[in-house]
Amino acid sequence: MKKDELDTLVICKKCHTLHKKIRIHKDTKAVCSYCNTVIYRHTKHLYRTTLALTFTALILLLVAFSFDILTININGVYKSLNLQSLFIMVFQEGYYLVGIMLLFLIVIFPIVILVSIIVLLILMHYKKAGYMVKRLLILIAKLQHWSMLDIFFISILVSMVKLFSYAQIELEISFFSFILLLILDIITIKKISFNELWILYEKIYLTKRRKK
Amino acid sequence: MRNYNLIRCPICSAVNIDNGDEIRCRRCEEKIYPTKNISYNRTIAYLLTAIILYFPANIYPILITKQFGVTHESTILGGIMLLWQAGSYPVAIIILVASVFVPILKFIFIIYLLIATKYNLKSAHTEKHKLFYITEAIGSWSMIDVFVVTILSVLIHFTAVKILPGAGATAFALMVFFTMLSALSFDTRLLKKEKD
């Protein structure tokens with residue numbers, strides 16, 4: 001079997017059924033014939049949409065990280081939750097392992113993912129630094145499992161429910177920015193398939209190399 | 001086309017020909033999987049670590065409440081019972097599912113997949129792939145409990161009343177970490193073995 005022939009095939013990520021690729025219209029998706037999972041899409045303005053959405057997500061992430069998430073009021077005593085206070089508490093009380101895990105899962109990995117998407121899209125636009133783009137795409141693929149912002153947000157909701165009976169809760173800026181961020185996250189990370197980016201990468205860099 | 005063993009690269013999702021040994025993906029040039037035995041043993045090692053950590057995670061308190069000098073410690077199950085008694089059923093169910101059922105389900109799924117590949121149990125390999133996909137997807141949700149404990153201990157931090165994370169929280173976080181590693185190091189090529 002030739003290598004070009006392999007390019008016409010695609011394997012479903014969920015049930016690993018082998019499919020033959022077909023051309024699809026813009027803004028449509030191809031689903032697995034066996035388990036109905038989306039295998040690939042054809043996004044209209046893949047490059048522009050992704051760049052815009054990721055940039056917005058990065059701004060929202062920075063807002064979410066620098067302001068208060070929520071403030072509680074127990075009989076006139078106020079206490080607010082933000083990332084700084086979270087890490088100060090964790091490290092002061094000596095929970096280093098939990099602290100380091102939180103730091104990576106909530107702060108570092110999401111930022112790294114978003115920044116590397118932006119960098120690789122810009123590099124792709126100018127068709128430069130193919131190796132760097134490849135490394136970034138691999139990095140994103142590996143880190144995807146380890147970004148836990150969505151779980152952190154659900155945890156905020158759960159702790160709010162736990163505190164309802166004791167305290168008055170006021171929602172702050174970061175809370176709303178978290179909500180918007182998660183909506184964007186679902187669109188960017190889950191909807192815009194990295195498969196498409198890989199195909200774009202192949203088109204831009206690998207074909208050039210083969211011609212040489 | 002049937003003669004070839006085709007596999008999907010877990011990183012860039014390109015289709016590759018599997019020759020049964022260590023291969024590099026033709027698109028991203030990353031190692032797809034190490035030799036089968038290594039990844040099999042690695043999965044077992046991570047899984048065992050996670051199972052061992054599961055016990056301290058449940059036995060040690062995950063939450064310590066200090067109220068006017070009186071210390072009260074509660075484990076994961078104790079916390080769920082308290083929530084249930086307090087009447088917040090949805091939250092109790094979320095935490096029960098996320099921090100008790102999900103880890104156990106993951107253990108069972110991975111053990112089943114390991115046994116199924118070892119003894120070539122006959123069941124459709126697409127079903128096994130689906131099971132593996134679910135195992136990967138639900139893994140990180142167990143972290144909810146650890147996050148909730150840290151958030152609560154930031155908010156309830158007064159001189160008279162204090163909530164602190166207990167030793168169970170560290171063990172639990174590590175357990176989730178190792179179950180995720182175990183799932184990630186599992187070689188999906190093993191699932192296809194029965195075909196040839």
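The shown structure was predicted, so the numbers you read here are calculated from the model rather than taken from an experiment.

Overview of the overall build of chain A
Helix and strand counts for chain A come out as eight helices and seven strands. Seen along its three principal axes, the alpha-carbon backbone of chain A occupies a region of about 70 × 40 × 30 Å. Per-residue burial over chain A gives 29% buried out of 212 residues. Contacts in chain A between residues far apart in sequence, at least 24 positions, make up 62% of those at least 6 positions apart.

So, the overall build of chain B
Across its full length, chain B carries six helices and five strands. Start at the N end of chain B and walk to the C end: the helices and strands fall as β-β-α-β-β-α-α-α-α-β-α. Out of the 196 residues in chain B, the part that is buried amounts to 43%. Pairs at least 24 residues apart make up 62% of the contacts formed inside chain B by residues separated by at least 6 positions.

Let's talk about the domain arrangement of chain A
By domain assignment, chain A separates into domain 1 (1–42) and domain 2 (45–211). When each unit is reduced to the centre of its C-alpha atoms, the spacing between domain 1 of chain A and domain 2 of chain A is 28 Å.

Looking at the confidence of the model for chain B
All names here are of chain B. Within chain B, residue pLDDT values average 81, and 88% of them lie at 70 or more. Element-level pLDDT for chain B is lowest in strand β2 (residues 15–17), with a mean of 78, against a maximum mean of 89 in helix α6 (residues 167–185). Scoring the predicted complex yields pTM 0.85 and, for the interface, ipTM 0.84.

Examining helix α6 (residues 149–163) of chain A
The terminal C-alpha atoms of α6 of chain A lie 21 Å apart, and with 15 residues this matches the ideal 21 Å at 1.5 Å per residue to within 8%. Restricting attention to buried positions, one finds in α6 of chain A the residues Leu149, Phe152, Phe153, Ser155, Val158, Ser159, Met160 and Lys162 of chain A.

Considering the interface of chain A and chain B
On the chain B side, the residues contacting the 47 residues of chain A number 45 residues. Within the residue set of the side of chain A that touches chain B, elements represented by two or more residues are α1 (3–7), β1 (9–11), β6 (77–81), α3 (83–92), α4 (96–125), α5 (130–143), α6 and α8 (194–211) of chain A. The dominant element in the side of chain A that touches chain B, judged by the number of residues it contributes, is α6 of chain A, at ten residues. For the side of chain A that touches chain B, the per-class residue count stands at 32 nonpolar, seven polar and eight charged.

Focus on the nonpolar core
The biggest cluster of nonpolar side chains holds 96 residues, and the ones touching the most others in it are Leu137 of chain A together with Phe172 and Ala173 of chain B. Looking at this core, the element that brings in the most residues is α4 of chain A, giving eleven residues.

Brief notes about the sheet that holds strand β5 (residues 70–74) of chain A
Note: strands within a sheet are paired through backbone hydrogen bonds, in either parallel or antiparallel orientation. Residues and elements named next belong to chain A. Spatially, β6-β5-β7 is the arrangement adopted by the three strands of the open sheet, whose pairing is antiparallel. Looking at the sheet topology across the chains shown, the edges are occupied by β6 and β7 (168–171). Recorded for the sheet is a direction-independent mean angle of 20° between the axes of neighbouring strands. As paired strands, β5 and β6 are joined by five bridges and run antiparallel to one another. Considered in β6, the bridge of threonine 71 is made with serine 80.

Quick word on the packing of α4 of chain A against α5 of chain A
Residue and element names in this part refer to chain A. Interaxial distance between α4 and α5 falls to 9 Å at its minimum, and their mutual angle equals 150°. With respect to their mutual orientation, α4 and α5 come out roughly antiparallel. Note on packing geometry: the crossing formed by α4 with α5 is left-handed. The residues of α5 that touch α4, namely those facing Phe109, Val112, Ile113, Ser116, Ile117, Val119, Leu120, Leu123 and Met124, are Met132, Val133, Leu136, Leu137, Leu139, Ile140 and Leu143. Looking at the contact of α4 with α5 residue by residue, the class counts come to 15 nonpolar, one polar and no charged.

What about the sheet that holds strand β4 (residues 70–74) of chain B?
All names here are of chain B. A sheet is described by the order of its strands in space; here three strands give the open sequence β4-β3-β5, paired in antiparallel fashion. Looking at which strands have only one partner, the edges of the open sheet turn out to be β4 and β5 (161–165). For this sheet, the mean angle separating the axes of adjacent strands, direction not counted, is 20°.

A closer look at the environment of leucine 47 of chain B
Residue and element names in this part refer to chain B. Structurally, the position occupied by leucine 47 is in helix α1 (residues 36–59). Of the residues examined, leucine 47 has 22 C-beta atoms within 10 Å and is grouped as buried. Taking the C-alpha atoms as reference points, leucine 47 and isoleucine 110, 63 residues apart in sequence, are found 8.0 Å from one another. Every residue in contact with leucine 47, bar those within four places of it in the chain, is listed here: Phe107, Ile110 and Ser182.

Concerning the pairing of β4 of chain B
All names here are of chain B. Within β4, only zero of the five residues are buried, which leaves the element largely exposed. Where strand β3 (residues 63–67) meets β4, five bridges bridge the pair, whose relative direction is antiparallel. Of the residues in β4, the one forming a bridge with lysine 66 is threonine 71.

Comments concerning the environment of lysine 118 of chain B
Relative to the helices and strands, lysine 118 of chain B resides in helix α3 (residues 89–118). Sequence separation between lysine 118 of chain B and isoleucine 144 of chain B is 26 residues; the distance between their C-alpha atoms is 33 Å.

What counts and how
- Residues numbered from 1 in each chain as written.
- Chains lettered and ligands numbered in written order.
- Predicted model: local features only at pLDDT ≥ 70, side-chain atom pairs only at ≥ 80, totals over all residues.
- Helix = DSSP H or I, 4+ residues; strand = E, 2+ residues; numbered from the N terminus.
- Buried ≥ 20, exposed ≤ 12 C-beta atoms within 10 Å, placed from the backbone.
- Contact = placed C-beta atoms within 7 Å.
- Domains from an automatic or database assignment.
- pLDDT = per-residue confidence, 0-100.
- Expected span 1.5 Å × (residues − 1).
- Nonpolar A, V, L, I, M, F, W, Y, C, P; charged D, E, K, R; others polar.
- Core = buried A, V, L, I, M, F, W, Y, C linked by C-beta atoms within 7 Å.
- Pairing = 2+ DSSP bridges.
- Axes fitted to C-alpha atoms, helices over the stretch in contact; angles between N-to-C directions.
- Parallel < 35°, antiparallel > 145°, perpendicular 65-115°, else oblique.
- Left-handed = near helix turned anticlockwise from the far one by under 90°.

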